[in-house]
Every structure is written in C-alpha cells, then in structure tokens.
Amino acid sequence: MSMPSGTELLLIFGIVILLFGAKKIPDLAKGIGQGIRNFKKEMKEEDAAPTASATPEAPKQVDATASTTVEAPKTTTQA
C-alpha cells in the first residue's frame, strides 16, 4: 500500500472540509496540539518523579460521610 497521490489527498481534504466545516478544522487542530503538549508534559513529569520503590504511597481513603448529589433526569415535551 503506497501513499495517496496529490489528487487523492485533495479529495480527502475536500471531504474533511465538507464534513467538519472550515470553521471547525482549526479548533480540532488546536485541541489535538494541546492534547499532544499535555501528554508530553506528563511524560516528562513522570520521568522526573522519584521511583515508586523509594516512598510508597498509602491508598486514598474515601470519606463515607460525604454527600453526593443526584440530578433528576431532564424531561422534554414533544409537540
């Protein structure tokens, strides 16, 4: 399987623009870039963190007295 030729690439880009619209594509690219940056940052922080064998962390306790709120389901009426 080889790389798509110029005509095939133009067709693919045209379909993407039709599906997402010209205004959404920069937002999608920005989101992907931020995700990659965050991933790289987390990987660097993990490499810089001390090893787990040096100081093991105690498991976190869940507070049983904490109240949880439950939202009622939203209903819609159809005309």
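Note that the structure is a prediction, hence the values are computed from the model and not measured. (Residues numbered from 1 in each chain as written. Predicted model: local features only at pLDDT ≥ 70, side-chain atom pairs only at ≥ 80, totals over all residues. Heavy atoms only, no water.)

Digging into the overall build of the chain
Secondary structure assignment for the chain yields two helices and zero strands. The buried share of the chain, reckoned over its 79 residues, is 0%. For the chain, the exposed area adds up to about 8300 Å²; of that, 63% sits on carbon and sulfur atoms. (Helix = DSSP H or I, 4+ residues; strand = E, 2+ residues; numbered from the N terminus. Buried < 20%, exposed > 50% of the residue type's maximum accessible area, 1.4 Å probe, protein only. Areas by Shrake-Rupley, 256 points an atom, 1.4 Å probe, with all protein chains shown as cover.)

Details of a nonpolar patch on the surface
The grouping of L11, I15, L19, F20 and L28 at the surface amounts to a nonpolar patch, some 520 Å² of accessible area in total. Per-element accounting of the nonpolar patch gives the leading share, four residues, to helix 1 (residues 6-20). The topology assignment puts I15 in helix 1. (Patch = residues over 30% accessible without salt bridge, like charges linked within 9 Å, V, L, I, M, F, W, Y side chains within 5 Å. Salt bridge = Lys/Arg side-chain N within 4 Å of Asp/Glu carboxyl O.)

With respect to a negative patch on the surface
A surface patch of like charges, here negative, comprises E42, E45, E46 and D47. Here E42 is to be found in helix 2 (residues 24-48). Using a relative accessible area of 45% as the deciding quantity, one classes E42 as partly exposed. (Lys, Arg positive; Asp, Glu negative; His and termini not counted. Charge placed at Lys NZ, Arg CZ, Asp CG, Glu CD.)

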